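Read off the chains here:
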Protein chains: 2
Amino acid sequence: MERIIIKTQTARSEILIGENWESVDGMLPGSGVVIITDDNVLDIYGDRFPQFPVFSIAPGERSKMFEVIELLAEKLLSAGIDRTGFILAIGGGVVCDVAGFLASIYLRGIRCAYVSSTLLSQVDASTGGKNGINLGNTKNVLGNFRQPEFVICDPSMLHTLPDEEFFSGLAELIKTAIIGNERLFEMIERNHEGILRRDTELLSLMIGMSVNFKASVVSEDEKESGLRRILNFGHTYGHAIEISGLARHGFAVASGMEIATSFSLLKGLISEREASRIRDLLNQFNLLREYNIPDYQIEQLILHDKKKTGTDLHFIFVNGIGKAVVEKIPVAEVLSFYKYYKSGKQIT
Amino acid sequence: MERIIIKTQTARSEILIGENWESVDGMLPGSGVVIITDDNVLDIYGDRFPQFPVFSIAPGERSKMFEVIELLAEKLLSAGIDRTGFILAIGGGVVCDVAGFLASIYLRGIRCAYVSSTLLSQVDASTGGKNGINLGNTKNVLGNFRQPEFVICDPSMLHTLPDEEFFSGLAELIKTAIIGNERLFEMIERNHEGILRRDTELLSLMIGMSVNFKASVVSEDEKESGLRRILNFGHTYGHAIEISGLARHGFAVASGMEIATSFSLLKGLISEREASRIRDLLNQFNLLREYNIPDYQIEQLILHDKKKTGTDLHFIFVNGIGKAVVEKIPVAEVLSFYKYYKSGKQIT
């Protein structure tokens, strides 16, 4: 079991990797706890949940809306949860987003922790304290930065994940490797078979490397005013694809990373060989798919990207395997590269 | 003009007392600003607002609901407000609560500032960074702690306040005097006439004393884990009365202070003379009224008070004019004192 500590200006969070999720019982206060989960996780693991009231939400992105926060808040009030209360989220990114946001605003903030049940949330979503809900078509419009007290990442839970969900998470793992850890990148290249059979020890090791990198970034820049932006590699184009509803987060980010890699190559930041290694790795796990999204729609969505500041946007380029750099560039350039890329002129 | 600085672990806030509110224009960024106000304030002051988009909400507590936050967030998105955006609230407690909460969660937090237009918000609500919206009958269930960058308190704006609103604010001013500043208490005792005619210089002085006290408390304990609780003097019974819908905040708190004063007297924490001075001052401005609220309803509301922790509650007693003390006492004792008090046996 690996224990990674995240320390920010105001909080301390422990990420426990390879810990048996059922040991969470011993980490909770004796009373005032509620569990928030989704119907899928409840079906599979519910009979082994700690003995506290459970509130379950519908699985998927559509639960990231304020009506759900309001309904849960009413349930917490009815259950008598006061300022000493504790929310335990058991689930993937959506559950942790909803529960984390609720915990950050219920009675102006109560304690919370996560048991992360998906690869995506283990490698990414549950570390760093971001939460949020969507507004119409725009992702994470309302949210907060708030560190959970602890996060348990138990890779044995990943055996029950549908393939699509598993590979969606894998894309974020690859993202971390590309932007921050060449050794992790090589490990993913070399362990294709072990990853496919979801080897628990291998995954523990790789999740640990991913979280370690993210933890170092978040400890330095919790509120994403600088360094933390590199974690958004692949997300500018990726979010636009994801919002179209045609792709899960990880697959959308994989395509976004492919485009950003081509952009980096065009800018002379990486070699053709490095660009090929990135594309090959994404292809090796079948993460790059064709999406039939009209260009104008992608452009509209990029224009509304919340990472946009004025007419510029912080775009993340890769400048070597394991290294990334943030550059503030005009939104117009992001749009025109997209057109150039789509027209088939990308450098391969 | 008096400038009071609030420094917390993560933020710095300036409260400008006696500043002409129209000078706010010079304190704003050149672009990306939106103004949030209510229809009453817009009617009176709208033609002198800085030249930025204005979003106006319905006046009063009913706007403190999530639908309003969501609607405003949509308007901000449409107006192209990104992470560099700035919300200026111009209004009373409700406007500042709604705008402050929105600013704390929109795109995970954007900048904000307030022009406080009511006495209640000048002496209390706009200092300290608390914000919140209600859920059904329960006040401030969802909210946050977030310091605005600056708050302008211009007492000349108080001349347009309806009497009820003015006196409601006066009750909070008296609260601060009771718990933290004997000199302010004496000043209010001695300046009945000046207060009634809303003398701008007198009010500036008294608001400054009130904010100074609150600022010192908040700087020490932003998140209300200890000292800050004393600011809730009168609020346990007061909130229960307010929720009944029969009284404005300040009047409800005035009655709550009267009950808490009697409770303090019963506990031997203050002398009969001190209790009389407090009651006399509240009566001098006609702040104590009769509310016909069934006992069981008050009890229910106290049981659901969000300041309750488990079966206990932090109750604020006065132990001398200008001094208060927090004691954790059983909720049952709070309820039984209320019955005792209502049965007319209060010590007078």
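Residues numbered from 1 in each chain as written. Chains lettered and ligands numbered in written order. Predicted model: local features only at pLDDT ≥ 70, side-chain atom pairs only at ≥ 80, totals over all residues. Heavy atoms only, no water.

So, the interface of chain B and chain A
- Residue-level contacts link 37 residues of chain B with 37 residues of chain A.
- Together chain B and chain A conceal approximately 3,300 Å² of surface at their shared face, both sides included; 58% is due to carbon and sulfur atoms.
- Along the contact surface separating chain B from chain A lie two salt bridges.
- Notably, a salt bridge pairs E224(A) with R83(B), separated by 3.2 Å at the nearest N-O pair.
- At the boundary of chain B with chain A, the tally comes to eight residue pairs in polar contact (both at pLDDT 80 or more).
- Listed by contribution, the elements that provide at least two residues to the side of chain B that touches chain A are helix 2 (66–78), helix 3 (93–105), strand 7 (130–135), strand 8 (138–145) and strand 10 (308–309) of chain B. (Contact = heavy atoms within 4.5 Å. Buried area = accessible area lost by both parts, 1.4 Å probe. Salt bridge = Lys/Arg side-chain N within 4 Å of Asp/Glu carboxyl O. Polar contact = N/O pair within 3.5 Å; in protein donor to acceptor, adjacent residues only side chain to side chain. Helix = DSSP H or I, 4+ residues; strand = E, 2+ residues; numbered from the N terminus.)

Some points on helix 3 (residues 93–105) of chain A
Residues and elements named next belong to chain A.
- Its 13 residues place the ends of helix 3 18 Å apart at the C-alpha level, agreeing with the 18 Å of an ideal helix rising 1.5 Å per residue.
- With respect to burial, helix 3 is a largely interior element, 12 of its 13 residues being buried.
- Residues of helix 3 that are buried include every one of V94, V95, C96, D97, V98, A99, G100, F101, L102, A103, S104 and I105, and no others.
- Looking one or two residues past helix 3, L107 carries a phi angle of roughly 50°, positive in sign. (Expected span 1.5 Å × (residues − 1). Buried < 20%, exposed > 50% of the residue type's maximum accessible area, 1.4 Å probe, protein only.)

Regarding the domain arrangement of chain A
All names here are of chain A.
- Partitioning chain A into structural domains gives domain 1 (2–160) and domain 2 (174–342).
- Relative placement of domain 1 and domain 2: their C-alpha centres are 25 Å apart.
- Listed as interface residues are 28 residues of domain 1 and, on the opposing side, 25 residues of domain 2.
- Of the roughly 2,400 Å² buried at the junction of domain 1 and domain 2 (both faces included), carbon and sulfur atoms supply 58%.
- Summed over the shared surface of domain 1 and domain 2, the number is four salt bridges.
- For the salt bridge of E242 with K139, the shortest nitrogen-to-oxygen distance reads 3.3 Å.
- Taken together, the connections running from domain 1 to domain 2 amount to 12 residue pairs in polar contact (both at pLDDT 80 or more). (Domains from an automatic or database assignment.)

Here's the deal with the sheet that holds strand 9 (residues 150–153) of chain B
All names here are of chain B.
- Spatial strand order, 1-2-9-6-5-3-4: seven strands in an open sheet with mixed pairing. The open sheet has two edge strands, strand 1 (2–7) and strand 4 (54–57), and neither has a second partner. Pairwise comparison of adjacent strand axes, ignoring direction, gives a mean angle of 15° for this sheet.
- Two strands pair when backbone bridges link them, and strand 3 (residues 33–38) and strand 4 are joined in this way by four bridges, in the parallel orientation. In the strand pairing of strand 4, D38 is matched with I57.
- On the sheet, helix 3 packs against strand 3, strand 4, strand 5 (86–91) and strand 6 (111–116) and is oriented at approximately 170° with respect to strand 5.
- On the sheet, helix 8 (residues 200–220) packs against strand 1 and strand 2 (12–17) and is oriented at approximately 15° with respect to strand 1. (Pairing = 2+ DSSP bridges. Axes fitted to C-alpha atoms, helices over the stretch in contact; angles between N-to-C directions.)

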